[in-house]
Amino acid sequence: MRSSRIEQLITIGALARASGLTASALRFYGDCGLLVPAEVDAVTGYRYYTRSQCERAVLIRRLRGIDLSLETITEVLSGDPGRAERLLDAHVAELARRADTAARVAAQVKRALGAGRGIAVPAAELARAIGQVGTAAAVDDTVPVLAGVLLEADSTALTLTATDRYRLSTRTLAPLRDGGEEWSVVVEAAKLAPLCPWLDTIEEVVLAPSESGIALTCGEIEHHCTGIEQPFPDYRAVLDGLPPVRTRMLVARAALVELLEAAGDIVVCTIDASGLVVASAATTRLSAVVTGAPMKLAFRSTVLRSAVVSALGPDLMLDLAAPDQPVVVRSATDGDLTTLVMPTFVPSTEDPIR
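Residues numbered from 1 in each chain as written. Predicted model: local features only at pLDDT ≥ 70, side-chain atom pairs only at ≥ 80, totals over all residues. Heavy atoms only, no water.

Q: Can you walk me through the sheet that holds strand β15 (residues 283–286) in this structure?
A: Two pairing modes exist for strands in a sheet, parallel and antiparallel, and in both the strands are linked by backbone hydrogen bonds. With antiparallel pairing, four strands are arranged side by side in an open sheet as β15-β14-β13-β17. Of all the strands in the sheet, the pair left with one neighbour each is β15 and β17 (295–300). Across this sheet, the average inter-strand angle for adjacent strands is 20 degrees, counted without regard to direction. Packing against the sheet, helix α11 (residues 253–261) makes contact with β13 (266–272), β14 (275–279) and β15, and its axis sits at approximately 175 degrees to β15. Sheet strands in contact with helix α12 (residues 301–309) are β13 and β17, and its direction is about 95 degrees off that of β17. (Pairing = 2+ DSSP bridges. Helix = DSSP H or I, 4+ residues; strand = E, 2+ residues; numbered from the N terminus. Axes fitted to C-alpha atoms, helices over the stretch in contact; angles between N-to-C directions. Contact = heavy atoms within 4.5 Å.)

Structure follows, in C-alpha cells:
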C-alpha cells in the first residue's frame, strides 16, 4: 500500500524542475518547515512530494525573489488572505523606501566621484545668462545644434554660447571656486529655460557633464538636460575672424528697445557724427556717441531687438566693420556678454549704402 502511494508522488528532482527551485533549496525549506515533504523513505532518505505542493514551491520562489524573509513567507502562506495582503504591502513599501535611499546615496557618490568635473557658479547669474544667450538659439530644430546652447567649463570660467547663424551670443561666468576639468556640452535652449525659476531660488548651482548631457545640482536636488550630439559651430573662429572696427556707437539701450518694439520688419540705421537715425514705419533720431566713419546698414527688427533686449547695462556699444559684416553688440560698462548680429540688405527704396 505504501509503495503504491509513493508511485503517486513526485521526486524532489521533479519538483525542483517544475518549481524552479534547486533540490538543496527544497531540502532547506523542508528542514525549516516551510515545505515539508509528503513522504520520506526511511531507508534511502529520498523525499517525495505531492503534485499540489508544486504551487506552494513556486510561491516560495517568487516571494524569496523579492527578498521576503522566511518568517514572513510562512505568515503569508498561512492561509489568511487579509494578513498576507497587509504583509506584502508593508514589504513593498519598505523596498520602495530602501530604493529611494539607495538612489540618493548613489547620486551623492556619483557627484563626489565627478566633483573634479563640476563647476559651481552663482545660480541667479546663470539664470540671467541662459535668458540672454538663449535668445540667439534657433526657435526650430531643423538643425538641432542651432537650437542649443553650448556650455564650456574650465578652471577659470563657465561660458554659454548660442547662434542661429543670424545672431551669436556668448557670455562667461566666473566660478565661485576653482573649476575642475575642461568639458563642453550642447543642450537645447528650450530645456534650459524652464530651470531659470528654480535657479532664482537658490544661491549656487554645480554643473557637471553626465552620460547623456549635463546635470545641474544644488544639495540633493538634481536636474538633467539631454545633450545634443552634433558638433557646435566654431564660434571662436567667427569672433577671431571679424574685420577691423570702422565705426563705434554708444547708445542708450532703453531708447533703442522702445524704438524697435514699434518698428516694422526692417529697420535702416544711418550712423554718423550727429547720432543715429532709424527708419522703419517712421523715422526717428536717437542721441548717440559715434566715432569713426559714417555708415548705413539694415536689420530685421526682431533680430536686432533680441540682441538689444538681452544685453547688459543701460548703455550699448555697437562695433561696426561694414554694412555686410556682423555687428558686435555689447554692454558699454560690462563686456561680459557679447552678441553678433548679421545685417540684411538695405531696401532698394533707400539711399545706397555708404
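Q: Is there a simple way to explain the sheet that holds strand β1 (residues 10–11) in this structure?
A: Reading across the sheet, the three strands line up as β1-β3-β2 and stay open at both edges, with antiparallel pairing between neighbours. Each edge of the open sheet carries a strand with a single partner, namely β1 and β2 (39–40). Where β2 lies against strand β3 (residues 47–49), two bridges are found, and the strand directions are antiparallel. Across the sheet, residue Glu39 finds its bridge partner in β3, namely Tyr48.

Q: I tried to follow the nonpolar core on my own but got confused; where do I start?
A: One broad trend across soluble globular proteins is that nonpolar side chains are buried collectively. Counting residues in hydrophobic clusters, the biggest one holds 34 residues, and the most contacted among them are Leu126, Leu151, Leu158, Leu160, Val205 and Leu207. The dominant element in this core, judged by the number of residues it contributes, is helix α7 (residues 123–134), at six residues. When sequence neighbours within four positions are dropped, the list of residues in contact with Val205 reads Ile119, Ala120, Val121, Ala123, Leu126, Trp198, Leu199, Leu216 and Thr217. In this structure, Ile271, Val278, Leu316 and Val329 belong to the second largest nonpolar core, which totals 29 residues. (Core = buried A, V, L, I, M, F, W, Y, C linked by side-chain atoms within 4.5 Å. Buried < 20%, exposed > 50% of the residue type's maximum accessible area, 1.4 Å probe, protein only.)

Q: How should I be thinking about the environment of Glu203 in this particular structure?
A: Turning to its location among the elements, Glu203 is positioned in the loop between α9 (196–199) and β9 (204–209). Under the relative-accessibility criterion, Glu203 is labelled exposed at 74%. Remark: the alpha-carbon pair of Glu203 and Ala123, spanning 80 residues in sequence, is separated by 5.5 Å. Apart from residues lying up to four places away in sequence, Glu203 is in contact with Val121, Pro122 and Ala123.

Q: Any chance you could explain the packing of aromatic side chains here in plain terms?
A: Under the definition given, this model contains two aromatic pairs. Relative to Tyr29, the ring of Phe28 has its centre 5.8 Å away and its plane inclined at 70 degrees; by these criteria the two rings are edge-to-face. With 6.4 Å between their ring centres and 80 degrees between their planes, Phe232 and Tyr235 make a pair best called edge-to-face. (Phe/Tyr/Trp six-rings, centres within 6.5 Å; stacked < 30°, edge-to-face > 60°.)

Q: Would you mind going over the environment of Leu34 with me for this structure?
A: Inspection of the secondary structure assignment puts Leu34 in the loop between α3 (23–31) and β2. Its relative accessible area of 3% is what places Leu34 among the buried residues. Between the C-alpha atoms of Leu34 and Arg56, which are 22 residues apart in sequence, the distance is 9.3 Å. Setting aside residues up to four positions removed in sequence, Leu34 forms contacts with Tyr29, Arg56, Ile60, Leu70, Ile73 and Thr74.

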